[in-house]
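Per-entry structural report
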Amino acid sequence: MSARVNLTLNINERDYAVSVEPRHTLADVIRDQCGLTGTHLGCEHGVCGSCTILLDGEPVRACLIFAVQCDGQEIRTVEGLSEGNELHPLQASFRDNHALQCGYCTPGFLMLAAGILERNPSISDEDLRDVLSSNICRCTGYANIVKAVRAAVAEMGRR
Amino acid sequence: MPEGKVLGKPVTRLEDQPLVTGRGRYVGDINFPHQLHMRIARSVHAHAEIRSIDTSRARALPGVFAVWTSDDIPEVGPVDFRADRASEVLKPYRQPVLARGRVRYVGDPVVAIFAEDAYVAEDAAELVDIDYSPLRIIVSADEDPGEFEPGRTTEAAFLTHTFGDVDGAFAKAHKVIELDLHTGRHSGVPLETRGAIGRYDAATDILELHGAAKVLHRNRDTLVNMLGCNPDQLHVHESHVGGGFGIRGELYPEDVLVLVAAKRLGRPVKWIEDRYEHLMCANQGREQHHLARVAVDKDGRILAMEDKIFHDQGGYVRTHGYNVANRTMCMLTGLYDVPAFRAVTHYRLTNKTPCATYRAPGRFESTFVRERLVDAVAAELGLDPVEIRRRNLIRPEQMPYKLEFDEANVENLEFDSGDYPLLFKKALDMFGWNTLQEELKRRRAAGEMIGAGMGLFLEEGGRGPSDGARIAVDSRGGVEVVTGGASLGQGFETAMAQICAEALGVDYRKIRVIHGQTDRIPYGIGAHATRATVLTGGAVHVTALAVRAKALDMASELLQLPVDSLEIVDGTVRQRSNPRGPTITLGDIAKRLAPGSKVLGGRQPGLWAEEFFNPKDTVFPYGVHLAVVKVDPGTGGVTVERFMVAYDVGRAVNPAMVEGQLVGGCLQGLGGALYEEFIYDDQGQPLAATLADYLLPTLGEAPDIEVLITEDAPSPLNPLGIKSAGEGGINGVGAAIAGAIGDAIGRPGAIRRMPVTPQRLRDILRADGR
Amino acid sequence: MKPSAFRYHRPGSIAEAVDVLADVGPDQGRVLAGGQSLVPSMAFRLAAPSTLVDINRIEELGHLSVQDGSLVIGACVRHAAFHRSVVDGVPGPFLTRVARHIGHYPIRQRGTFCGSLAQADPASEWCLVAVALGASVTAASKRGTRRIEATDLIVGAMTTTLAEDELLTEACLPLPAPETRLGFAEFSRRAGDFALAMVLASYRVVDGRIAGACVAVGGAEDRPRRIAAAEMALDGNPPGAETFAAAGGAAAEALDPMEDAQTSVAYRRDLVRTLTSRALERAAA
């Protein structure tokens, strides 16, 4: 076991003081030390995208970053998407369009979509499909995920 | 069927609120104070004798609490079959929870480590030294059987299914067509890996298993036998489950280990499978070699089918015994009227990951074989593939249609209802099959390698024997439906709530559905083999009707109105002819039915009921898959341009959820047809043990899948006519894709092996000089 | 799939980084840039570095600019930087097209151009680009800095000539002349997967004939390589399907492909034949 490092992670605009080994992945620390278990681990080698979070606004795989790298950066997870009881348009749209079944990949897809839409609200269909092909869903066959994200774009534009 | 108020509507799911906000509770999200983390040191050899195990370095690592080999748990037997799969001849082939003396696949558990954190546990596993002496490695069921143990070969069983005069039919056939076919090894690979937490409460003498799924009561019963405790001492709990597909929720060695360890070590024990382990250890499936032949008359009518199957079971026989091989054989004739049939299976163990059921077990395989045969007949006789199928389909007037096998130990089948030609026609019409042929001709003429194919299939579901439900209305009108069902993400809660809401007359959103908790209800069928909606749904329906009857009986007395004049709308009883007249809510009725109530009379206290539903037989949904693919001749790459799933589900409880099942299942099928394969080298080393090597389809590979859900043949075997929807999306995909690729390359019988990888397709084209 | 323990350093400057590397490099220390290849191999415990030297906060490694006709790419420039054209003219959009084949969007937010070169995966798109366009890299150590041609850097699968104490600080990619035509084609099982083969082709047209042809193949051999036979089949001939097919044939013939359980020599040759003519067609378009 190597020495622990004390640092502060800023997650969903809240500071978490944590004590980590350098080898602890950001995903593990978010889940186990900060108690934010909405960030899921599906493969731990960067393929499935279930652990996708926003790091300084960009969607990244939290299993491929060490927590020790992330002090001073702005981290957003699925728990920070809704405001109180009000669902983010993407969350409501996933529900309304049956874009989830088991729900395991859902937080990753939500953060992936949130990240890209905040950067590029007028993203083309082709680019959107390219981005959404980053994550794996084993239940839905993706059709409803694409539909949900498209519908949310319209809703986000209205807000 | 009369149109329901909520039954049959594509309403949003009750499950979704916590799942979209990151507040689900999957097994990895559950933690108990003072828990230990278990890590398994696994075999790196496919087949070897264990000469010695040295765990001293692992034990010495700070943070390690205990290290076990099989010698530490001599009292724990191998993982048992489910009660209904017991087979004496297969028992010696069961898997010990930690290898005893021999390892039989790469990934076989050998040593269990219990440590303070998951990182340390993994460090310790690396420090375990195991000395192996290699044994002969068998990587294919085609190889001559070897020795499983002294006196026992790796051909664990030889199975036969027969009916009719097969030899006579082949003797008088106009043509006999033979094919040599392979279905590749693939599996469900849910996004959430497996996980299990054992926890023992000495104060109450109750052992808990968290992270269970699919068949909780049955697993409890198996575990109770293995551990020697009583059912009331073992509580099995389901949390959120990140996908099942047949493979999750079966009993595995790790489930047993966490329970034994929790009790013995006196601390909760948590095990979360990693993806590498998952791809080496969780159940795989599908790998079969078929030598199949069919006898036809000059019009292409099938006279007989025969199949010799080599079934690759992997290193051990797991919970399902030879069920998959049996399903393959008994569903092989599918929805065709075949007078004579013989199938034999060499059920063989190999030194690869053990196999069991994966979505549409035995059916994906047999549909591929059957439809390949039919396509080959069409090509041989110069018949249209549509026409030859029409000629052979079982006709509606033959329903119910019986398949009676000669063998006493083989279960006979009776197809409950169906109009197969009608669905076939509807599917072809919606797909625009005839105009499509013109378009394909044009595009081929312009140089494109493009073609269409089809897979027609029969599914089965709703197999009994029985399931129950308990429904209670509380004093504020809240409704709790307690079931022994299970939710793997398919929308079980919503479906049950819709069925209950329809029968009882309440808003489905006010219903709380309990599932997967063995301490809440003594029996439960779980969610497997497309049973949940039929069995548990049937139970919820009859139970809700019983609650309704009790509520109306009480309301009738309180409102002084005849029972048959009353209705329940949104949880309020009122007179049908006078909706603005006197009313009473279900909550108030529940209050009046409380124990000691003055108006209780001779009634049982409480507004609740408990009923069972016992269907008399299995239901058989059926479907048609149609595909258009384009082949890139230069790379062997295949693009699926169009795919359609047409499926008669008897009755759709929630069409949006049915569609989700079909589309999702279909993409899994496309994975198995084109991308996914667990390959091994000749030393039995797995070469697809990461998600960079085992290729799950992404959106980039997903076509827009068209869906036609029909309700033309409700099942007569249950009150709602439900036939279920879980496995129809995947069943015919391999068949349709193989046919379409064959059509595209102008070689109708060329595709003999799933998955059709670009390299395999290039090999076929290159052999043709293309 | 939890990584082994390691020590962690986060230097704030190149000077500080090479100081640390001088210490830890010879003792299984590794540089951590994007981490999109290194961290997965640590999760499988295929890599177990004693120390990671995290260069992500070294500001002087973030530069991306054109200097003397070359694109200079600092060690912390992410793949995603190429989502937009980074230079005017043909090469900008071309690099954008190539970048879209690298993994997936979130991977491209972290992974770096220089990290790809230092990793030297045979299927790396950037390694192919570097070899095809004649790139060089700068390696810094406490001992000084040196410049290494890409062809001298990448000497085998996952093998470079970087020393243990060296930090690859930047890559220098000569930009092709404005009239150069560029084409790229790759084949992978799924979108975003490692390529089974890929081809970068470039040429100029002088008086209706091909001149200065470059055909480089990646993903098929243990490192990317220009195929002289294919280039000879192009130079001096008019661009068109026939010439391109001849070049494809020559490339396939000249190849010494890697083989694995799922990819035979014959299949890789077929792919290179197809992809060479496709890359050339795209260059022509």
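Only a predicted model underlies this, so the values are computations on that prediction, with no experimental measurement involved. Note that residues are indexed from 1 along each chain, following the sequence as it is written. Ligands are numbered from 1 and chains lettered from A, in the order in which they are written. Per-residue local features of the predicted model are confined to residues with pLDDT of at least 70, and side-chain atom pairs are confined, for both listing and counting, to 80 or more; whole-chain, interface and lining totals are unaffected and use all residues. Working from all heavy atoms in the structure, the side-chain values ignore hydrogens and water.

1. Re the domain arrangement of chain A
Residues and elements named next belong to chain A. Selection criterion: As annotated, the domain borders come from an automatic or database domain assignment. Working rule for contacts: check all heavy atoms of both residues, and any pair within 4.5 Å makes them a contact. Note: buried area is the sum, over both parts, of the accessible area (probe 1.4 Å) each one loses when the two are combined. Salt bridge criterion: a side-chain nitrogen from Lys or Arg within 4 Å of a carboxyl oxygen from Asp or Glu. For this analysis, a polar contact is any N or O atom pair within 3.5 Å, provided that within protein one partner can donate a hydrogen and the other can accept it, and provided that sequence-adjacent residues contribute only side-chain to side-chain pairs.
Considered domain by domain, chain A is made up of domain 1 (5-80) and domain 2 (89-158). Look at where the C-alpha atoms of domain 1 and domain 2 centre, and you get two points 21 Å apart. Across the contact, 19 residues belong to domain 1 and 15 residues belong to domain 2. For the pairing of domain 1 and domain 2, the buried interface totals around 1300 Å² over both sides, and the portion due to carbon and sulfur atoms is 53%. Of all residues in domain 1, His40, Thr52 and Val78 bury the most surface against domain 2, accounting for 31% of the area lost on that side. When the shortest N-O distance is used, the salt bridge between glutamate 58 and arginine 119 registers 2.6 Å. Counting across the interface, domain 1 meets domain 2 through nine residue pairs in polar contact (both at pLDDT 80 or more).

2. Some remarks on the interface of chain C and chain B
Which entries qualify depends on this criterion: Helix and strand definitions follow DSSP, with helices as H or I runs of at least four residues and strands as E runs of at least two, each counted in order from the N terminus. The residue classification treats Ala, Val, Leu, Ile, Met, Phe, Trp, Tyr, Cys and Pro as nonpolar and Asp, Glu, Lys and Arg as charged. All others, Gly included, are polar.
Facing the 22 residues of chain C at the interface are 30 residues of chain B. The junction of chain C with chain B conceals about 2300 Å² of combined surface from both sides, 54% of it contributed by carbon and sulfur atoms. When residues of chain C are sorted by the area they lose upon contact with chain B, Arg45(C), Arg189(C) and Arg190(C) head the list and together hold 32% of the total. Linking chain C with chain B are six salt bridges. Across the salt bridge formed by Arg762(B) and Asp270(C), the nearest N and O atoms sit 2.9 Å from each other. On the surface where chain C and chain B come into contact, there are 17 residue pairs in polar contact (both at pLDDT 80 or more). Per-element accounting of the side of chain C that touches chain B gives the leading share, six residues, to helix α10 (residues 265-284) of chain C. Classifying every residue of the side of chain C that touches chain B gives 10 nonpolar, five polar and seven charged.

3. So, the interface of chain B and chain A
Between chain B and chain A, the residue contacts involve 56 residues of the former and 46 residues of the latter. A combined buried area of about 4000 Å² lies between chain B and chain A, and 57% of that area is made up of carbon and sulfur atoms. By the criterion of area lost to chain A, the three top residues of chain B are Tyr119(B), Leu191(B) and Leu699(B), representing 21% of everything that side buries. Linking chain B with chain A are three salt bridges, by the criterion used here. Across the pair Arg138(A) and Glu676(B) runs a salt bridge whose closest N-O atoms are separated by 2.8 Å. Counting across the interface, chain B meets chain A through 20 residue pairs in polar contact (both at pLDDT 80 or more). Sorting the residues of the side of chain B that touches chain A by element identifies α1 (16-20), α3 (118-126) and α16 (655-675) of chain B as the ones contributing at least two each. With eight residues, α16(B) is the largest single contributor of residues to the side of chain B that touches chain A.

4. Quick look at the domain arrangement of chain B
Accessible area lost during the coming together of the parts is what is often quoted as the interface size. All names here are of chain B. For chain B, the assigned domains read domain 1 (16-23 + 463-613), domain 2 (31-135 + 193-241 + 248-281) and domain 3 (288-402 + 416-461 + 618-767). Computed over C-alpha atoms, the centres of domain 1 and domain 3 are 39 Å apart. Counting from both sides, the interface comprises 13 residues of domain 1 and, opposite them, 19 residues of domain 3. Roughly 1300 Å² is buried in total at the junction of domain 1 and domain 3, and carbon and sulfur atoms are behind 65% of that figure.

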